[in-house]
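# Structural description and commentary
So the chains spell out like this:
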Amino acid sequence: MPIRTRFAPSPTGLLHIGGARTALFNYLFSRHHGGAFLLRIEDTDRARSTPEATRVILEGLEWLGLVPDEPPLYQSTRAARHAEVAREMLAAGRAYQCFCTAEELAAMRAQAIAEGRPPRYDGRWRDRDPREAPPGVAPTIRLRAPREGETLVRDLVQGEVRVANAELDDLILLRSDASPTYLHAVVVDDHDMAISHVIRGDDHLTNTFRQAQIYQAMGWEAPHFAHIPLIHGADGAKLSKRHGAVSVLEFREQGFLPEALCNYLLRLGWGHGDAEILSREAAIELFDLGGVGRAAARMDYAKLTHLNGVWLRRADPDRLTDEVMRRLTPPPDEAARERIAALMPGLRERAKTLVELTDNAAFLVRMPPLSPKAAALLDAPARRMLAALAAALQTVPFEPAALDAALRAFAAAEGRKLGEVAQPLRAALTGSTSSPGIEAVLAALGAEAALARIRAVAT
Ligand code: GLU
């Protein structure tokens, strides 16, 4: 059976990083085995699904580099097929019509709860003749689920999981308005899409028993299942907004690189020896479901930030320059771009996110206000020294090696340590007390802007 996986999000909100991790695992698994990765938008819940949420999912997946191999399938377009399969089961006696009214079902439920039983459908129409149907009640179609024995799922992550069939009631496949239930639609779609492996969050594990029964009833071969643990916060509760960012696009906004986020999500609950930094190629080569742990993974924002710093230092400087340009407001001109590009090798060493990188690069566009620490460095002696320095630099070619030599010569002539010259100079040029090497900053700013900034504070 060719390997085909799918990511099947419901477009009812944002793309949660738990979902992104599920998509990543599906993607890596299919790539590792030379198979296909598909996307199904589960938009059957018309009231809760929005086009905006679908757009956010597509945008998030594209940003993460998890683009499906075929156009996305929209579950809502398949209602006729879902109904057809339910009617096939009905014709084969694997399903039956249930004419219970909403009131009857509510009463059944209330009674079960009052008697301390789990509220299950009691199967009252399972063997009843539909000719006894009360007038005016549109039937639902229910699965004639096995009552004896057990349903067994051999999960590739969770191992063998089983449930006694007596615990499961006859689930509804098709509602009285002919719309499919979620459990039924998923099975029909996975079958028709020829999905070989269903990799999803372990909150769906209990659904799997019922889905396995639908496969059996249709005589279809079920896919392999792999239920991966959910992501929790540091406190052990399911990861939610109160822990920090959860939406993929929010991480993008906060300046994370997609390769860093993917690397982090991969390592969260999946391991391969000590390997921490994994490129997409390495991940494809190494990924398999055997390395997925069973315990819930805990989100560690500090670790993600650290990893992002590692990936920033590996990233192409031109790409980082583009990112910084996009983030600066108002949009800087081409001259500013050149300065940022010139200093990028030094800038990216000092930042952990694109937001930080942008903040650190902003001085190249316009002189920011002095930070309190920088202002403190610019006392009267420092300002006098800077006046002399401006004069000394006037004849120096503005490229790093020559500038470095000139600064050293100036410091020696003044009887100062290099740092005593560089720190006030840094304050004058950048408004802050930390930056890439001072000669690189001077060179990136260029003679005109650099000398103007020095003179602006010199006395
Ligand atoms: N639509 C479901 C969700 O968003 C996933 C269903 C599945 O993967 O089978 O949780």
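## Description of the overall build of the protein
Within the protein one finds 18 helices and 12 strands. The globule rule puts the C-alpha radius of gyration for 459 residues at 23 Å, and the 31 Å found for the protein is more than 25% above it. Projected onto the principal axes, the alpha-carbon positions of the protein cover approximately 105 × 40 × 40 Å. Taking all 459 residues of the protein together, 48% fall into the buried category. Within the protein, contacts between residues at least 6 apart in sequence are counted, and of these 75% link residues at least 24 apart.

## As for the sheet that holds strand β5 (residues 140-143)
With antiparallel pairing, the 3 strands of this open sheet are ordered in space as β4-β5-β8. Only two strands of the sheet have a single partner each, and these edge strands are β4 (95-98) and β8 (172-174). Strand-to-strand twist of the sheet, defined as the mean angle between neighbouring strand axes without regard to direction, takes the value 45°. Here β4 runs beside β5; their pairing, made up of 4 bridges, is antiparallel. Bridging from a neighbouring strand, Gln-97 pairs with Ile-141 of β5.

## Details of the site of the ligand
Every residue lining the ligand is accounted for by Arg-6, Ala-8, Pro-9, Ser-10, Glu-42, Tyr-182, Val-186, Arg-200 and His-204. In this structure, a nitrogen atom belonging to the ligand sits 2.7 Å away from a main-chain N or O atom of Ala-8. Interatomic distance of 2.9 Å between a side-chain N/O atom of His-204 and an oxygen atom of the ligand. For the ligand, whose free accessible area comes to 300 Å², the fraction covered by protein is 80%. The site holding the ligand turns out to be the largest pocket. Each residue belonging to the shell around the ligand can be placed in one class, and the counts come to 4 nonpolar, 2 polar and 3 charged.

## A closer look at helix α18 (residues 438-457)
When the terminal C-alpha atoms of α18 are compared, their 17 Å separation across 20 residues is substantially less than the 28 Å that a helix rising 1.5 Å per residue should span. Inspection of α18 places Ile-438, Val-441, Leu-442, Ala-444, Leu-445, Gly-446, Ala-449, Ala-450, Leu-451, Arg-453, Ile-454 and Val-457 among the buried residues, and these make up the whole buried set. In this fold, the buried residues of α18 make contact with α12 (334-347), α15 (380-393), α16 (400-414) and α17 (418-430).

## Side note on the nonpolar core
Counting residues in each nonpolar core, the largest one holds 98 residues, and the members touching the most others are Leu-386 and Leu-442. Apart from the residues within four sequence positions on either side, Leu-442 is in contact with Leu-393, Phe-398, Leu-403, Leu-407, Leu-425, Leu-429, Ala-450 and Ile-454.

## Concerning helix α2 (residues 51-64)
A rise of 1.5 Å per residue sets the reference length of α2, with its 14 residues, at 20 Å; its end C-alpha atoms lie 20 Å apart and thus fit the reference within 8%. Those residues of α2 that sit buried are Ala-53, Thr-54, Val-56, Ile-57, Gly-60, Leu-61, Trp-63 and Leu-64. One or two residues past the end of α2 sits Gly-65, with phi positive at roughly 75°.

Scoring rules and cut-offs
- Residues numbered from 1 in each chain as written.
- Predicted model: local features only at pLDDT ≥ 70, side-chain atom pairs only at ≥ 80, totals over all residues.
- Heavy atoms only, no water.
- Helix = DSSP H or I, 4+ residues; strand = E, 2+ residues; numbered from the N terminus.
- Rg over C-alpha atoms; globule rule 2.2 N^0.38 Å.
- Buried < 20%, exposed > 50% of the residue type's maximum accessible area, 1.4 Å probe, protein only.
- Contact = heavy atoms within 4.5 Å.
- Pairing = 2+ DSSP bridges.
- Axes fitted to C-alpha atoms, helices over the stretch in contact; angles between N-to-C directions.
- Near = heavy atom within 4 Å.
- Polar contact = N/O pair within 3.5 Å; in protein donor to acceptor, adjacent residues only side chain to side chain.
- Areas by Shrake-Rupley, 256 points an atom, 1.4 Å probe, with all protein chains shown as cover.
- 1 Å grid on protein atoms, 1.4 Å probe; cavity = no way out; pocket = protein on both sides within 12 Å on 5 of 7 lines; lining within 4 Å.
- Sits in = over half its atoms within 2 Å of the grid points.
- Nonpolar A, V, L, I, M, F, W, Y, C, P; charged D, E, K, R; others polar.
- Expected span 1.5 Å × (residues − 1).
- Core = buried A, V, L, I, M, F, W, Y, C linked by side-chain atoms within 4.5 Å.

Keep in mind that these numbers describe shape and distance, not what the molecule does.
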